[in-house]
Amino acid sequence: MNKNLRTLRNDTEGLSTVEYVIILILIAVVGITAWRTFGNTVVTKINSGNSQVSGLGP
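Residues numbered from 1 in each chain as written. Predicted model: local features only at pLDDT ≥ 70, side-chain atom pairs only at ≥ 80, totals over all residues. Heavy atoms only, no water.

**Quick notes on the overall build of the protein**
Note the following rule: Each helix is a run of H or I in the DSSP string that is no shorter than four residues. Each strand is a run of E no shorter than two, and both are numbered from the N terminus. Under the scheme applied here, a residue whose accessible area is under 20% of the maximum for its type counts as buried, over 50% as exposed, and between as partly exposed, the area being computed with a 1.4 Å probe on protein chains only. Note that accessible areas follow from Shrake-Rupley with a 1.4 Å probe, and for residues the cover is restricted to the protein chains shown.
When you go through the protein residue by residue, the secondary structure sums to 2 helices and 0 strands. With 58 residues in all, the protein has 0% of them scored as buried. Of the accessible surface of the protein, which amounts to about 5,700 Å², a share of 66% is contributed by carbon and sulfur atoms.

In structure tokens form, the structure reads like this:
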């Protein structure tokens, strides 16, 4: 039993996969947050531009 525990403790083969998954999740969270923040800003700017263009009509 102790041999199995030592082998399991020293096994680092799957460690890099876990690290990549954690990094991927962090990138996704940052991307979603940025999208929401800048997405609202872009929509506001587009709506403002549409209002100004509509005001230029005949």
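**Structural notes on a nonpolar patch on the surface**
Convention followed: Patch membership needs two things, relative accessible area over 30% and no salt bridge, and members are linked within 9 Å if like-charged or within 5 Å if nonpolar (Val, Leu, Ile, Met, Phe, Trp, Tyr). By definition here, a salt bridge exists when the distance from a side-chain nitrogen of Lys or Arg to a carboxyl oxygen of Asp or Glu is within 4 Å.
Taken together, Val-18, Ile-22 and Leu-26 make up a surface patch of nonpolar side chains, about 280 Å² in accessible area. Of note, Ile-22 is situated in helix H2 (residues 15–54).

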